[in-house]
Amino acid sequence: MLQMNQIAKVYRTELVETHALRALDLQVAEGEFVAVTGPSGSGKTTFLNIAGLLESFTGGTYILDGENVSNLSDAARSHLRNQKIGFIFQGFNLIPDLNLFDNVDVPLRYRGVSAKERKERIEHALSEVGLGSRMKHYPGELSGGQQQRAAIARALAGSPRLLLADEPTGNLDTQMARSIMELLEDINSKGTTIVMVTHDPELAARAQRNVHMVDGVATDIVRPSPLFTGNQ
Ligand code: ADP
Ligand code: ADP
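Keep in mind that this is a model prediction, so the values were computed, not measured.

Participant: Any chance you could explain the site of ligand 2 here in plain terms?
Facilitator: In the vicinity of ligand 2, the residues found are Arg134, Gly140, Glu141, Ser143, Gly145, Gln146 and Met176. At 3.2 Å, a backbone N or O of Glu141 approaches a nitrogen atom of ligand 2. One of the side-chain N or O atoms of Ser143 is found 2.4 Å from an oxygen atom in ligand 2. Isolated, ligand 2 exposes 550 Å² of accessible area, and the fraction of that covered by the protein chains is 42%. Counted by class, the shell around ligand 2 contains 1 nonpolar, 4 polar and 2 charged residues.

Participant: Quick question: what am I supposed to make of the environment of Leu54 here?
Facilitator: Relative to the helices and strands, Leu54 resides in the loop between helix H1 (44-51) and strand E4 (59-64). Residue Leu54 is classed as partly exposed on the basis of its relative accessible area of 39%. Once the C-alpha coordinates of Leu54 and Arg81 are considered, the two residues, 27 residues apart in sequence, prove to be 7.7 Å apart. Ignoring sequence-local partners within four residues, the contact set of Leu54 consists of Asn49, Arg81 and Phe87.

Participant: Would you mind showing me how to read the packing of aromatic side chains here?
Facilitator: Where two aromatic rings form a pair, the distance of their centres and the angle of their planes describe that pair. Under the defined criterion, the tally for this structure stands at 1 aromatic pair. Their ring planes at 10 degrees and their centres at 5.7 Å tell us that Phe87 and Phe89 sit as a pair that is stacked. Relative accessible area serves as the criterion here: at 14%, Phe87 is assigned to the buried category. Taking NZ or CZ as reference, Lys136 lies 5.7 Å from the ring centre of Phe101, over its face.

Participant: What exactly am I supposed to notice about the site of ligand 1 here?
Facilitator: All residues adjacent to ligand 1 are Tyr11, Thr18, Ala20, Pro39, Ser40, Gly41, Ser42, Gly43, Lys44, Thr45 and Thr46. The separation between an oxygen atom of ligand 1 and a polar main-chain atom of Ser42 is 3.1 Å. Listing elements by their share of the shell around ligand 1, those giving two or more residues are strand E2 (17-28) and H1.

About the criteria used
Residues numbered from 1 in each chain as written. Chains lettered and ligands numbered in written order. Predicted model: local features only at pLDDT ≥ 70, side-chain atom pairs only at ≥ 80, totals over all residues. Heavy atoms only, no water. Near = heavy atom within 4 Å. Polar contact = N/O pair within 3.5 Å; in protein donor to acceptor, adjacent residues only side chain to side chain. Areas by Shrake-Rupley, 256 points an atom, 1.4 Å probe, with all protein chains shown as cover. Nonpolar A, V, L, I, M, F, W, Y, C, P; charged D, E, K, R; others polar. Helix = DSSP H or I, 4+ residues; strand = E, 2+ residues; numbered from the N terminus. Buried < 20%, exposed > 50% of the residue type's maximum accessible area, 1.4 Å probe, protein only. Contact = heavy atoms within 4.5 Å. Phe/Tyr/Trp six-rings, centres within 6.5 Å; stacked < 30°, edge-to-face > 60°. Lys NZ or Arg CZ within 6 Å of the ring centre and 35° of its normal.

The following block contains the structure:
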């Protein structure tokens with residue numbers, strides 16, 4: 001699904017040059033659920049933003065879903081992003097003065113989906129995350145866990161091939177974090193590839209594979225799936 005070879009990202013200002021990623025090699029297979037861990041400043045968000053075609057990079061090759069996306073124009077990059085990628089964030093990033101239905105509608109409007117199909121997709125996505133009865137609620141009327149579910153519905157409504165999550169449970173208590181993780185596992189089991197940045201060791205341990213980043217370089221930590229260890 002995602003193949004990065006020797007990806008480099010340098011942020012330059014007048015005074016400093018920051019090497020956020022240094023020759024990052026990383027592959028994620030279709031259908032995988034990968035957790036990315038590592039200390040603050042190690043390049044996790046930069047990696048996720050490049051993977052999600054939000055940011056360009058300064059060296060290396062990136063193949064997304066079989067297509068070399070290394071040298072795309074900004075317009076081509078955002079087009080592809082709308083087609084293939086769903087994002088969820090620590091702070092949910094819902095629009096406060098739109099109800100849940102309209103929040104989930106935003107990316108679908110960008111994609112030029114017809115009004116009838118949008119309505120079907122929105123209702124389906126919100127039902128999938130257990131918010132079918134909350135479509136007229138505003139984000140401020142919901143708990144943090146519910147807001148993240150709505151953000152997940154918004155990401156899913158576009159049927160993305162790849163779901164990228166940046167600390168999706170960082171603002172949630174343990175119970176809510178677990179229930180969001182269960183939802184992500186459920187989504188993954190239906191075929192969506194997921195890459196999740198997390199500081200939570202319990203959640204990282206539940207992913208099929210961990211990638212640990214230090215100073216802009218990734219190391220693979222392969223975890224046997226609990227399905228195969230026989231000690232369930
Ligand atoms: P993490 O998500 O692991 O905390 P980041 O990817 O956010 O790490 O940052 C990696 C490095 O790149 C850090 O040193 C950070 O300060 C730097 N960095 C990130 N974004 C920018 C930016 N827009 N401009 C300059 N430096 C940046
Ligand atoms: P969950 O664990 O499902 O995320 P909570 O137990 O936190 O939900 O919340 C229970 C109910 O209280 C929810 O149905 C939600 O609508 C309501 N609620 C929670 N937080 C708030 C809030 N800050 N403002 C308004 N309603 C809230």
